[in-house]
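# Chain and residue survey
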Amino acid sequence: DIRFTIGDTRFQALNIIYEKFLRTVPSHSHGSGSYEIHYVPNGYGRARINGRFYDILPGTLYVTGPHVEHAQTPHLEDPMCEYCIYLKAEKRRRSQPVTGSEADGSGQILALLEKTPFWFGQDTHNVSPLVEDLFTELENRYTGYQLQVESLLRQILIRLVRNFEEKK
């Protein structure tokens, strides 16, 4: 049960998995407020996202947000391995105070996440070590691991947004 907040949005990690793909994941989508962060450290495959095909290779990072239809097929000679983080986002009611969201940039992070329900590319902001640290914490459950996991998830979201942020 991992929950964390950025600005006026509460996130819940519904599933955090690492998988080697030996089969095709059929086409599916997720509901409102749902985001899947996919990071492929090694192996190859192909994704069909909203009817378009994308080649997956080591270092591929992509996000599939609400209602984005996606499927994945591994190359059987060198199947992809994937870290996947499935988050549910829910805006808090306005009656609850939001402190410091403008000063800390959380409003900008959330706006970029909301306006980019799909992004596909190579990781240029070092999401990889954070994802690896996340899985190490979850596997070993060191003292304070839940706080560390919440912190890592925040950092992963920030670096994800930096990957697809348009520089002005």
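What this report covers is the structure whose coordinates are included nearby.

Reading the values: the criteria
Residues numbered from 1 in each chain as written. Predicted model: local features only at pLDDT ≥ 70, side-chain atom pairs only at ≥ 80, totals over all residues. Heavy atoms only, no water. Helix = DSSP H or I, 4+ residues; strand = E, 2+ residues; numbered from the N terminus. Rg over C-alpha atoms; globule rule 2.2 N^0.38 Å. Contact = heavy atoms within 4.5 Å. Pairing = 2+ DSSP bridges. Axes fitted to C-alpha atoms, helices over the stretch in contact; angles between N-to-C directions. Polar contact = N/O pair within 3.5 Å; in protein donor to acceptor, adjacent residues only side chain to side chain. Parallel < 35°, antiparallel > 145°, perpendicular 65-115°, else oblique. Left-handed = near helix turned anticlockwise from the far one by under 90°. Nonpolar A, V, L, I, M, F, W, Y, C, P; charged D, E, K, R; others polar.

Before going further, it helps to spend a moment on the overall build of the protein. A count of helical and extended segments in the protein gives three helices and 10 strands. A compact globule built from 168 residues should have a C-alpha radius of gyration of about 15 Å, and the protein, at 16 Å, falls within 12% of that. With the principal axes as the frame, the protein shows a C-alpha extent of 50 × 40 × 30 Å. Intrachain contacts of the protein at a sequence separation of at least 6 include 77% that bridge at least 24 residues.

Turning our attention to the sheet that holds strand 5 (residues 45-49). In space, the four strands of this open sheet follow the order 3-8-5-6, with antiparallel pairing throughout. Looking along the sheet, the strands with just one partner apiece sit at the ends: strand 3 (25-28) and strand 6 (52-56). Neighbour-to-neighbour, the strand axes of this sheet turn through a mean angle of 20 degrees, independent of strand direction. Relative to strand 6, strand 5 runs antiparallel, the two being bridged by five bridges. Each residue of the ladder has a partner; that of I49, found in strand 6, is R52.

So, on to the environment of S32. By secondary structure assignment, the location of S32 is in the loop between strand 3 and strand 4 (34-42). Beyond its immediate stretch of four places on either side in the chain, S32 contacts P66, H67 and K88. One polar contact links S32 to H67, side chain to side chain, over a distance of 3.2 Å.

The next subject is the packing of helix 2 (residues 127-140) against helix 3 (residues 145-164). Following both chains from N to C, one finds helix 2 and helix 3 inclined at 160 degrees, their axes separated by 9 Å at the closest point. In terms of axis orientation, helix 2 runs roughly antiparallel to helix 3. Seen from above, helix 2 lies across helix 3 with left-handed handedness. Counted together, V127, L130, V131, D133, L134, E137 and L138 of helix 2 and Y145, Q148, V149, L152, L153, Q155, I156, R159, L160 and N163 of helix 3 form the full contact between these two elements. In the contact of helix 2 with helix 3, the residues fall into 11 nonpolar, three polar and three charged.

The values reported here are purely geometric and, on their own, carry no functional implication.
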